[in-house]
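Here's the letter readout for the chains.
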Number of protein chains: 2
Amino acid sequence: MVITIGREFGSGGRELGRRLAENLGIDYYDKEILTEIAKSTELSEQYVKQAVEGKMTYMYPITIGHSLTFAPDYQIKQVQDIYRAQTEIIRDYAAKSDCVIIGRCADYILRDLKPIRIFVYADMEARIKRCMDRREEGDTTTAAEMKKHIQRIDKDRARYYSDFTGQDWGDKLFYDMCINTSDIDLKALARYLANMFQYGIRTPEE
Amino acid sequence: MVITIGREFGSGGRELGRRLAENLGIDYYDKEILTEIAKSTELSEQYVKQAVEGKMTYMYPITIGHSLTFAPDYQIKQVQDIYRAQTEIIRDYAAKSDCVIIGRCADYILRDLKPIRIFVYADMEARIKRCMDRREEGDTTTAAEMKKHIQRIDKDRARYYSDFTGQDWGDKLFYDMCINTSDIDLKALARYLANMFQYGIRTPEE
């Protein structure tokens, strides 16, 4: 069993994934993927992070100052190398054991394995509240700034996802289940979903 | 507990709703709403059916032959009367007992009660298969014709829904959970969801 979780920023998708893995007693992969990619590509973790978070787009021109330009060739190649490493690492995880994988186009990369593809979202108000509650001490980000931050991250994720998969990020047709967490107790939800996935709801293969 | 189910035509939303109600031992409302509306408005059931299935649009001009025209005033009024009756009937159902309500903008009409809002969908191939399997004996509709039929019904539903609610039909933000049934055993799904809803996954009210 492989469960992939796509998620809007601030929707609690990562917490749901972690709790699902705990309830099912299976592996959980999230940020460690970055470390592995960095090792495999010999690029810095910070660079890899920027790339997989869609901050270095390569399919479209980028704006530097006031002039429109294209990413340089070496950068395009690096982003592609990173995606290739990401693909291999995620396939290795899925081959090794049952697991939950957060983000990273895993739903698409593992499509032949027919993973359970979940997308987690919430209304903007709930996402802002969640992010504000989780600010570190001394962080003075305002709600308005947080909203912009959330929108920017989602936009980057959507672009990276569609660049590499050709699918629309968050389009429900590409997921098995989409869950609105605005009003949800994630602990309880994870418990019931784990039960559901453990015993299975898929039509038996013909 | 009130559960509303929006659904793409051919996705099995009605079957899921019926099974959910059975598992939970609560009431189930589907086509009987039409009969009640017909009684309350003194219009024929056939007329009411056409109206609530979005075949008599009134917000936008309609094409008759080659000329663009607007629905006549009396028809606009009737469609509005029907929606008003639908609203009252659905509110009565929800006030009377726990229930599952299929379609009919119930998610929007009952929004103050915070129902569990489910949207059921599936890929086109699965929906065509489901509809073809359910043809009555002697029905010679082809798969290509069925596809057009499905698309037309969805288009009408979407228009009716957005005319009266101002929301986009099927936009995941307006639902608590969206479920892709392409590959799902509805009987098993209904059993697990019923369990989940019975014990609850909502955050307690503050």
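An account of the pattern of salt bridges is requested, with residue identities and associated values reported.
Opposite charge on two side chains permits pairing when their charged atoms draw close. Residue and element names in this part refer to chain B. What the rule picks out here adds up to 32 salt bridges over all chains. The partner of E8 in a salt bridge is R127, and the shortest N-O contact between them spans 3.0 Å. Of this pair, E8 sits in the loop between β1 (2–7) and α1 (13–24) while R127 sits in helix α6 (residues 124–133), placing them 119 residues apart in sequence. There is no split in this pair, since E8 and R127 are both buried. Residues D154 and R127 are paired through a salt bridge, measuring 2.3 Å at the closest nitrogen-oxygen approach. A residue pair is termed long-range when its members are at least 10 positions apart, and D154 in helix α7 (residues 143–165) and R127 in helix α6 qualify at 27 residues. R127 shares its class with D154; the two are buried.

Which residues make up the interface of chain A and chain B, and what values go with them?
Between chain A and chain B, the residue contacts involve 29 residues of the former and 29 residues of the latter. With both chains or domains summed, chain A and chain B bury close to 2700 Å², and 57% of this area falls on carbon and sulfur atoms. D183 of chain A is the salt-bridge partner of K114 of chain B, the closest N and O atoms lying 3.9 Å from each other. In this assembly, chain A and chain B are joined by 17 residue pairs in polar contact (both at pLDDT 80 or more). Listing elements by their share of the side of chain A that touches chain B, those giving two or more residues are β6 (116–121), β7 (177–180) and α8 (186–199) of chain A. Looking at the side of chain A that touches chain B, the element that brings in the most residues is α8 of chain A, giving seven residues. Sheet analysis places β7 of chain A next to strand β7 (residues 177–180) of chain B, joined by three bridges and oriented antiparallel. Bridge pairing in β7 of chain B links C178 of chain A to C178 of chain B.

Before we move on, can you summarise the state of the cysteines with the specific residues and values?
Residue and element names in this part refer to chain A. Counting across every chain of the model gives zero disulfides over all chains. Left unpaired, C105 is separated from the closest cysteine sulfur, that of C99, by 16 Å. For C105, a relative accessible area of 4% translates into the label buried. The thiol of C131 is not disulfide-bonded; the next cysteine sulfur, from C178, is found 20 Å away.

Can you tell me about the relation of the copies chain A and chain B, naming the residues and giving the values?
For the pair chain A and chain B, the superposition axis carries a translation of 0.0 Å, the fit reaches an RMSD of 0.0 Å, and the rotation angle comes to 180°. Considering both components of the superposition, the chain copies are consistent with a two-fold axis. Nearest to the rotation axis, the C-alpha of C178 of chain A is located 2.5 Å from it, this being the minimum over chain A.

Conventions adopted
Residues numbered from 1 in each chain as written. Chains lettered and ligands numbered in written order. Predicted model: local features only at pLDDT ≥ 70, side-chain atom pairs only at ≥ 80, totals over all residues. Heavy atoms only, no water. Salt bridge = Lys/Arg side-chain N within 4 Å of Asp/Glu carboxyl O. Helix = DSSP H or I, 4+ residues; strand = E, 2+ residues; numbered from the N terminus. Buried < 20%, exposed > 50% of the residue type's maximum accessible area, 1.4 Å probe, protein only. Contact = heavy atoms within 4.5 Å. Buried area = accessible area lost by both parts, 1.4 Å probe. Polar contact = N/O pair within 3.5 Å; in protein donor to acceptor, adjacent residues only side chain to side chain. Pairing = 2+ DSSP bridges. Disulfide = S-S within 2.5 Å. Least-squares fit on C-alpha atoms with pLDDT ≥ 70 in both.

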